[in-house]
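# Geometric and topological summary
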Amino acid sequence: MSRWERLGLRARITLLFALGGLLLATTIGLLTLTLTRRSLLVERDAAALASFAENGQRFQRQVGDDPAAEGVAAILESLTTTSGALPLVRFGEEWVGLNLLVFSEETVPNTLLQLISQGSAGRTRITLNGEPAIVSGVQLPGRDAAYFEAVLIGEVDETLNSLGLILLVVGTVTTLVAAALGLWASRRALTPLADIRAAAESLAAGDLKTRLDPPADADLASLSASFNGMAQSLEDRIDRDARFASEVSHELRSPLMTFSASAEVLNNDRHQMSQRSQTALALLTDDIARFTQLVENLLEISRYDVGTAALQAEPVFFAEFVRHAISYSSRPDISLSVSEEGESLVIVADKRRLAQVIANLIDNADKYGGGNIEVEISSESDVAFLAVQDRGPGVPAAERRVIFDRFSRGSSGGRRGHDTGTGLGLSLVSEHVHLHTGEVWVEDRLDGMPGARMVVALPIRIDPEDDQ
Amino acid sequence: MTTRILTVEDDERIRMSVRLALEDEGYEVAEAESGEDALLAFGQAPADVVLIDIMLPGMDGFEVCRSIRKVSDVPIVMVTARADTHDVVAGLEAGADDYLTKPHAPKELSARIRALLRRVRTSDSGAPQLVFGELEIIPDEGVVRVGAEEVHLTKTEFRLLVELASNVGRVFSRELLLERVWGYGYFGDGRLVDVHIRRLRTKIEPDPANPRYVVTVRGLGYKLAA
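What follows covers the overall build of chain B. Helix and strand content of chain B: 8 helices and 11 strands. Nonlocal contacts in chain B, meaning residues at least 24 apart in sequence, comprise 57% of its contacts between residues at least 6 apart. Of the roughly 9,500 Å² of accessible surface on chain B, a fraction of 50% belongs to carbon and sulfur atoms.

Right, here's the structure in full:
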């Protein structure tokens, strides 16, 4: 990727606009300056020439044969000269002028002197007192005398300078305006891209129904169409996968039904079997139960993937419910402590799912928490809390999110041999709790002892809908 | 007398294994592999309990259920694939008394059957006759009249009504009704109660949309109004 491309589209467009503005401003500025200068100089030149021609003739008429210096000076003063024009006269070797400090014999260039000594008029540019000037000269006919006039054209340069300054300011402003325009245009041009980015982020976050609105701009229609096409095929594909998982689990139910009924028939005749057969049957029976649970959990979780998980909400006396759930769980002996306000807590919940949440949390604590499980109920304004804590090794901070992933069993892989879970327990807990718009997390025990504390936070809704 | 169970299931393996397991429990089992078969078999020799898989080729389980209900109040257990779909409510509305999801342990099935039969055969009546306005219940005879007309209730509907009538004005939670009528524990499916209440209302209420006898107590349960 070149350096230019690394700049980013928006910066590049802005920069291009700015450069364009600068180029335009510079070209127009230079052109303006050149043309103005030329026309000013031509005008000035013409004025100087006109004044010189008139004054030269006037001087020639008025000066007599006796060119006394005073008389000449008087004549020179009487001449109407254009502003800034200085006359100078040579009589033989004598020079008379109005301002000899500025315009005198020394300042008249030799080239001009030579030119007019041949009888013609001439003009040339010189520098007078640091200022540019045009000097015109003519030999007076019939005598050894010449008339010169110097016109200072410095003010033209001044005018041009201030014009240049103005043009510089205008050019700068133009460039900045162009840059701003470029920024705006690039933003505007990129607005559809921002929409696409938002849509892509929403897709990535799991909202598979995200689509772009058809754009008003025909140029973007194909981009938007192909984006939507991509989103659609992604959705179809994920949908297909989810449906497949759901159907597979569903198809497994029929053979499982046969397994379970047949195993029961065998179990009824267990006492007639050899020890070996009984052991094998016990293994078979246990794993049929485990397999059944796995299929149930897979189906349950695939309902979330297919999007058919619907909350069957009804008002529930939370503490009473949890008490019952514990008594039906794998550890009916564990202790439950309920805060004072927790005792009267009513939440709106899906009983089947909530019971599964509690059972799975208890199973998890039983499996990994080294026994000694405590369950707590408390509340805080409009949130009900259920905490299940154990005295196990706890969950390292790095794994606290991961443990809610499917088939994740923490870092203690060594214990897997004794594991009878399906690896879906906690992810089902998480899905169920989120369906209730609640949160679930794991933290350290509050009393500082080693062990994990799983917390479920469920919103307390005021209006329990009667689902009859 | 052995209890006769009719199982309606199109999967032969399931049918066979369930029959073996139920026979171990001491039941006599008749089989039908389709809805049409089931109606034929039921017409020839009525069963004490009917077990119907909803997913049947041809005539589906709901239809079988409705057809049997027209001629008999035999306890019916529906077998559904999933507990959280509309299938459960549809099955109950078609007249089923209870449901089971597949796969279930045969022990669970026989527990259900025992609960259904127990409540058909026993009647824990208090008073010989209960009268609420137009509604008259005679528990010992299993008779319910609205006005002078006798209303035909299934055994489960009848038990539910008698349960509510056993303590007029008292609010019965769904959990309590599930335990008393269906023999479930705390985690029974409340929809069993709701659908049966609905069915009961269509039979005994003058205006089922505005019940006068079986009243909903919002968020708590149901009661029989005096």
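Still to come is the rest of the account.
Secondary structure assignment for chain A yields 10 helices and 12 strands. Residues classed as buried in chain A amount to 40% of the 468 residues present. A fraction of 63% describes how many contacts in chain A between residues 6 or more apart in sequence connect residues 24 or more apart. Total accessible area computed for chain A in this model is approximately 25,800 Å², and 57% of it derives from carbon and sulfur atoms.

Let us now look at the environment of E25(B). Residue placement: E25(B) occurs in the loop between α1 (12–24) and β2 (28–32). Sequence separation between E25(B) and S110(B) is 85 residues, and the spatial gap between their C-alpha atoms is 7.5 Å. Excluding residues that lie within four positions of it along the chain, E25(B) makes contacts with E264(A), K107(B), S110(B) and R114(B). In terms of polar contacts, E25(B) uses its side chain to reach the side chain of K107(B), at 3.4 Å.

As a further point, take the interface of chain A and chain B. Each side of the interface is counted separately: chain A has 36 residues, and chain B has 34 residues. Here chain A packs against chain B, burying approximately 3,000 Å² in sum over the two surfaces, 53% of which is carbon and sulfur. Between K107(B) and E264(A) there is a salt bridge whose closest N-O contact spans 3.4 Å. Counting across the chain A and chain B interface gives 6 residue pairs in polar contact (both at pLDDT 80 or more). Taken together, the elements giving at least two residues each to the side of chain A that touches chain B come down to α6 (218–268), α7 (275–306), β6 (313–317), α8 (318–328) and α9 (351–368) of chain A.

On to the sheet that holds strand β9 (residues 374–380) of chain A. All names here are of chain A. Reading across from one edge, β7-β9-β10-β12-β11 is the order of the 5 strands in this open sheet, with mixed pairing throughout. At either end of the open sheet lies a strand with only one pairing partner, and these are β7 (335–338) and β11 (439–444). When the angles between neighbouring strand axes are averaged without regard to direction, this sheet yields 20 degrees. Bridge count between β7 and β9: 4 bridges; the pairing is parallel. Within β9, the residue paired with S337 across the bridge is E376. In the packing of α9 onto the sheet, contacts are made with β10 (383–389) and β12 (452–459), and the angle to β12 comes to roughly 170 degrees. Along the sheet, helix α10 (residues 425–435) contacts β11 and β12; its crossing angle with β11, the most-contacted strand, is approximately 130 degrees.

Using the criterion set out here, one finds 7 aromatic pairs over all chains in the structure. Both rings, one in W95(A) and one in F148(A), keep their centres 5.6 Å apart while their planes meet at 25 degrees; by these two values the pair is stacked. Highlighted residues: W95(A) in strand β2 (residues 94–97) and F148(A) in strand β5 (residues 145–152), separated in sequence by 53 residues. Of the two residues examined, W95(A) and F148(A), each falls in the buried class. An angle of 85 degrees between the planes, with centres 5.1 Å apart, marks the rings of Y328(A) and F187(B) as edge-to-face. One end of the pair, Y328(A), is in helix α8; the other, F187(B), is in the loop between α7 (174–182) and α8 (190–204), on a second chain. Cluster of aromatic residues (ring-pair linked, three or more members): F321(A), Y328(A), Y186(B) and F187(B).

Residue and element names in this part refer to chain B. Within the span of helix α4 (residues 86–93), buried status applies to V88, V89, A90, G91 and L92. The inward-facing, buried residues of α4 contact α3 (61–71), β4 (76–80), β5 (98–101) and α8. Backbone geometry just after α4 places G95 at a positive phi near 120 degrees.

The subject of this paragraph is the packing of α9(A) against α10(A). Any two packed helices are characterised by how steeply their axes cross, that is the angle between the axes, and by the distance between the axes. Residues and elements named next belong to chain A. For the pair α9 and α10, interaxial distance at closest approach is 9 Å and the crossing angle is 145 degrees. Of the two elements, α9 crosses α10, and the hand of that crossing is left-handed. Within the contact between the two elements, α9 uses R353, Q356, V357, N360, L361 and N364 and α10 uses G425, L426, L428, V429, H432, V433 and L435.

On the surface, D10(B), E12(B), E33(B), E36(B) and D37(B) cluster together into a patch of negative charge. Position of D10(B) relative to the elements: it lies in the loop between β1 (4–8) and α1.

Residues and elements named next belong to chain A. Counted by the stated rule, this structure contains 42 salt bridges over all chains. A salt bridge links E443 to R453; the nearest nitrogen and oxygen atoms lie 3.0 Å apart. Remark: R453 occurs in strand β12 and E443 occurs in strand β11; sequence separation between them is 10 residues. The exposure class assigned to E443 is partly exposed, which follows from its relative accessible area of 24%. Salt bridges here are not isolated pairs; linked through shared partners, they connect E300, R303, D350, R352 and R353.

Moving on, we get to the confidence of the model for chain A. Of the residues in chain A, 93% have a pLDDT of 70 or more, and the chain-wide mean is 83. Here residues 464–468 of chain A scores under 50 on pLDDT; set against residues more than four positions off or in separate chains, the count is 21 contacts.

Further remarks concern unusual backbone geometry. Most peptide bonds take the trans form, and the phi angle of most residues other than glycine is negative. Omega for the peptide link from K102(B) to P103(B) comes to -5 degrees, which places this bond in the cis form. Relative to the elements of secondary structure, P103(B) occurs in the loop between β5 and α5 (106–121). The phi torsion at S381(A) lies on the positive side, around 40 degrees, for a residue other than glycine. Position of S381(A) relative to the elements: it lies in the loop between β9 and β10. Using a relative accessible area of 72% as the deciding quantity, one classes S381(A) as exposed. Backbone geometry places T437(A), a non-glycine residue, at a positive phi of 50 degrees. Positionally, T437(A) belongs in the loop between α10 and β11.

Reading the values: rules and limits
Residues numbered from 1 in each chain as written. Chains lettered and ligands numbered in written order. Predicted model: local features only at pLDDT ≥ 70, side-chain atom pairs only at ≥ 80, totals over all residues. Heavy atoms only, no water. Helix = DSSP H or I, 4+ residues; strand = E, 2+ residues; numbered from the N terminus. Contact = heavy atoms within 4.5 Å. Areas by Shrake-Rupley, 256 points an atom, 1.4 Å probe, with all protein chains shown as cover. Buried < 20%, exposed > 50% of the residue type's maximum accessible area, 1.4 Å probe, protein only. Polar contact = N/O pair within 3.5 Å; in protein donor to acceptor, adjacent residues only side chain to side chain. Buried area = accessible area lost by both parts, 1.4 Å probe. Salt bridge = Lys/Arg side-chain N within 4 Å of Asp/Glu carboxyl O. Pairing = 2+ DSSP bridges. Axes fitted to C-alpha atoms, helices over the stretch in contact; angles between N-to-C directions. Phe/Tyr/Trp six-rings, centres within 6.5 Å; stacked < 30°, edge-to-face > 60°. Left-handed = near helix turned anticlockwise from the far one by under 90°. Patch = residues over 30% accessible without salt bridge, like charges linked within 9 Å, V, L, I, M, F, W, Y side chains within 5 Å. Lys, Arg positive; Asp, Glu negative; His and termini not counted. Charge placed at Lys NZ, Arg CZ, Asp CG, Glu CD. pLDDT = per-residue confidence, 0-100.

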